[in-house]
Amino acid sequence: MENDVKGVLIDATTLQKRIKELGQEISKDYKGRNLLLICVLKGAVLFMADLAQNITIPLEMDFMDVTSYGNSTQSSGEVRILKDLSSSIENKDLLIVEDIVDSGLTLSYLIKLFKNRGVKSIKVCSLLEKPARRIAKVDIDYIGFQVPDEFVVGYGLDFAEKYRNLPYIGVLKEEIYQ
Ligand code: PRP
Ligand code: MN
Ligand code: MG
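So, here's what we can say about the structure. None of the values given here were measured: they were computed from a predicted structure.

A separate point is the environment of T56. Assignment of secondary structure puts T56 in the loop between helix 2 (45-53) and strand 3 (60-67). C-alpha separation for the pair T56 and A12, spaced 44 residues apart in sequence, amounts to 22 Å.

The next subject is the sheet that holds strand 1 (residues 5-10). Strand order in the open sheet formed by three strands is 1-9-8, with antiparallel pairing between adjacent strands. Of all strands in the sheet, those with a lone pairing partner are strand 1 and strand 8 (152-153), marking the two edges. As paired strands, strand 1 and strand 9 (residues 169-172) are joined by four bridges and run antiparallel to one another. Among the inter-strand pairings, V5 is bridged to a residue of strand 9, identified as L172.

It is worth spelling out the environment of S103 at this point. For S103, the position within the fold is in the loop between strand 5 (93-101) and helix 3 (105-115). On the neighbour-count criterion, S103 (19 C-beta atoms within 10 Å) is partly exposed. Measuring from C-alpha to C-alpha, the distance between S103 and P131 comes to 8.2 Å, with 28 residues separating the pair along the chain.

Another point: the sheet that holds strand 5. Pairing between the strands of a sheet comes from backbone hydrogen bonds, and it takes one of two forms, parallel or antiparallel. Read from one edge of the open sheet, six strands run 4-3-2-5-6-7, paired in mixed fashion. Looking at which strands have only one partner, the edges of the open sheet turn out to be strand 4 (80-83) and strand 7 (142-146). Pairs of neighbouring strands in the sheet enclose a mean axial angle of 30°, with direction left out of account. Across three bridges, strand 3 lies against strand 4 in antiparallel orientation. In the sheet register, D65 faces strand 4, and the bridge partner there is K83. Together, strand 5, strand 6 (121-129) and strand 7 form the strand contacts of helix 1 (residues 12-29), whose direction differs from that of strand 7 by roughly 160°. With respect to the sheet, helix 2 is in contact with strand 2 (35-41), strand 3, strand 5 and strand 6, its orientation differing from that of strand 2 by roughly 155°.

Formed by 40 residues in total, the largest nonpolar core has its most connected members in L37, I38, V40, F47, L95, I96 and V97. Among all residues touching I96, those that are not within four sequence positions of it are I38, V40, L107, L110, I122 and V124.

A few words on unusual backbone geometry. Of note, the amide linkage connecting L41 to K42 takes the cis form, showing an omega dihedral of -5°. Positive phi values are uncommon outside glycine, yet N91 reaches one of about 65°. Structurally, the position occupied by N91 is in the loop between strand 4 and strand 5. What makes N91 exposed here is the crowd of 11 C-beta atoms within 10 Å.

Parameters at a glance
- Residues numbered from 1 in each chain as written.
- Chains lettered and ligands numbered in written order.
- Predicted model: local features only at pLDDT ≥ 70, side-chain atom pairs only at ≥ 80, totals over all residues.
- Helix = DSSP H or I, 4+ residues; strand = E, 2+ residues; numbered from the N terminus.
- Pairing = 2+ DSSP bridges.
- Buried ≥ 20, exposed ≤ 12 C-beta atoms within 10 Å, placed from the backbone.
- Axes fitted to C-alpha atoms, helices over the stretch in contact; angles between N-to-C directions.
- Contact = placed C-beta atoms within 7 Å.
- Core = buried A, V, L, I, M, F, W, Y, C linked by C-beta atoms within 7 Å.

Right under this line is the structure:
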């Protein structure tokens, strides 16, 4: 698995340091509010778990499973719901937790969907953003790192469902996905 990676883009220590900062910022901003973290499965699962442990105010968690990539390296542009939220989001202050915003299509689809369900507020926290390939305009309120236009895997991010368990963000060798 490690042999398929060309190099480490963000190592585990750097990831955890930034996640701690994000957690502190979110704890301050959401004090006294109805914070509900929404994890966008499956990519955001590791980030969500670490982020939540760095948030020091009461919160709830829910999970939404959507997919737009399948086994391809390019977004199909069509987002499918594989699992919806399990609780009502009425009057909640939603914070959508993503691993990466690339075209922005997944996020803009989710924001539109949640806005129709009577939420109090919606914000977005993404560990990574890849500005080079944005199609849909979306505001990201909390960003961990900007990444270049390369195929990144690890720490939740997959290629064909593999590499999610790497503890760092790495760049995949071209020959793996070409
Ligand atoms: C990936 C990633 C984001 C989304 C970002 O999910 O985890 O959710 O794509 O891409 P976009 O901005 O171009 O929409 P994917 O659909 O691969 O599902 P997964 O999280 O289960 O891997
Ligand atoms: Mn995802
Ligand atoms: Mg994926």
